[in-house]
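# An overview of the molecular structure
The primary structure of each chain is shown beneath.
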Amino acid sequence: MTSSRPTLAVAMVGHAFMGAAHSQAWRSAPRFFDLPLDPAMRVVCGRDADRVAEAATRLGWAETETDWRRVVERDDVDLVDICTPGDTHAEIAIAALEAGKHVLCEKPLANTVEEAEAMVAAAEKAAAEGVRAMVGFTYRRVPAVALARKLVAEGRIGEIRHVRAQYLQDWIADPTAPLSWRLDKEKAGSGALGDIGAHIIDLTQHITGDRITSVSGRLETFVKERPLAAGDTAGTLGGGGASGETGPVTVDDAAVFIATFTGGALGVFEATRFATGRKNAIRIEINGSKGSLAFDFEDMNVLELFDATEPDETAGFRRILVTEPGHPYVEAWWPAGHGLGYEHGFTHQVVDLVRAVAEGTDPTPTFADGLQVQRVLGAVETSSDTRQWQEITQ
């Protein structure tokens, strides 16, 4: 595909699950949206030369590299997309920003608050030179979620009183599922709390426009030993075979916590990878003084709205099919009623990032937003350890 638009040369570090999703987004965004810059998938980086070569062919990258440091040093790279485990985010992102590269970094931003603070400092310094940084809380870009945020901002459900959020999966409910990097605290930082709980922390704050100010939580690890993986399952969700040996699970399997918000609302949160039968259920309900909103990602093209100002005779939750051209992001896709899928959020993320880079504005969510989520994660973990309420410092 040829274009007269200026090129935005992209490098991606990591090429497993998230790498595949991000690659599809870089491929499809300029084909469905009118972008001011033309993304060029310049180079993909992975540790194993053979595997990264296969990924490049399969995912559409022009070149390969096995050392992310050489990627960051390249003059023909404008943006670095980080799709690696959390223990490498800070080092790669800070080096890329210092080299003048825009950065897209998968969530959670880092494994610790201290790492996230260092990343924010680097991003703020780089922003003064016109270099942009964004953290990948992709579910913000689901049209139904974007519509929910718009309705709350317009005052459609009034003063927010209750926030309920769940992220339910079951991919390690089987105790014989092998260990992967996601079950190793040194690489992942935390388990269900950081992997999926981070999403509902960000989503509820994004939709309501309020920040979480305090938490009280509990973490639990149900299966403390698992079979060691036979081969590399670093990018899989419970996939791959198992060897005859076992190793310790060093992260949480489930997290629950209650929270307060700046606007006075109370929140109840649950994140688990042991909800048997639930595959990717992100469930959010927000109750306000004038109505309520409800969303479930397993029915991702639908938003439910209850308008408390309607007469009792006709009041009830209204099912909104968020596929109309006037809904956020939808106009670029299919005729009304033809739903979108998981991958489209990543495409919308690329669209918003590319436009922000072209306009010279900070894309959202910023690294500062990622740091705030990291502080909530850290506070929940501390609360679980101490059995005490924790205030969120800003």
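Our subject is the structure listed above.
All of the points below concern the structure found in this document. (Residues numbered from 1 in each chain as written. Predicted model: local features only at pLDDT ≥ 70, side-chain atom pairs only at ≥ 80, totals over all residues. Heavy atoms only, no water.)

## With respect to unusual backbone geometry
Leave glycine aside and you will find that most residues have negative phi; peptide bonds, for their part, are mostly trans. The following threshold applies: Numbering goes from the N terminus for both helices and strands, where a helix is a DSSP run of H or I of at least four residues and a strand is a run of E of at least two.
Put simply, K107 and P108 share a cis peptide bond, and its omega is -15°. Positionally, P108 belongs in the loop between β5 (102-106) and α5 (113-127). Here T364 and P365 are connected by a cis peptide whose omega angle stands at 0°. Its location among the elements puts P365 in the loop between α9 (342-359) and α10 (367-386). In the Ramachandran plot, Y329 falls in the positive-phi region, its phi being about 70° despite a non-glycine side chain. Along the polypeptide, Y329 turns up in the loop between β16 (318-321) and α9.

## Quick notes on the packing of aromatic side chains
Here is the rule: Aromatic pairs are defined between Phe, Tyr and Trp rings, using the six-membered ring for Trp, whenever the two ring centres lie within 6.5 Å; interplanar angles under 30 degrees are classed as stacked, those over 60 as edge-to-face, and all others as tilted. Residue exposure (1.4 Å probe, protein chains only): buried if accessible area is under 20% of the type maximum, exposed if over 50%, otherwise partly exposed.
In total, this model carries 14 aromatic pairs according to the counting rule given. Ring geometry for Y139 against F297: centres 5.0 Å apart, planes inclined by 75°, an arrangement best described as edge-to-face. Note that Y139 is positioned in the loop between β6 (133-136) and α6 (143-153) and F297 in the loop between β14 (291-296) and β15 (302-307), a separation of 158 residues in sequence. Both residues of the pair, Y139 and F297, count as buried. Three or more aromatic residues link up through ring pairs in this structure, and these residues are F17, Y139, Y167, F297, Y342 and F346.

## Topic: the layout of surface pockets
Using the following cut-off: Of the two site types, the cavity is a set of points on a 1 Å grid over the protein atoms alone where a 1.4 Å probe fits but cannot get out, and the pocket is an open set with protein on both sides within 12 Å along at least five of seven lines, each lined by residues with an atom within 4 Å of a point. Grid points are joined across faces, edges and corners, and a volume is the space filled by probe spheres set on the points. Residues are sorted three ways: Asp, Glu, Lys and Arg are charged, Ala, Val, Leu, Ile, Met, Phe, Trp, Tyr, Cys and Pro are nonpolar, and all the rest, Gly among them, are polar.
The calculated volume of the second largest pocket comes to roughly 280 Å³. Around the second largest pocket, the lining is made up of 22 residues, and of these V113, Q374, L377, G378 and A379 lie nearest the centre. Among the secondary structure elements, those contributing two or more residues to the lining of the second largest pocket are α5, α7 (185-188), α10 and β17 (390-391). Considering each element in turn, the lining of the second largest pocket owes the most residues, seven residues, to α10. Tallied by class, the residues present in the lining of the second largest pocket amount to seven nonpolar, ten polar and five charged.

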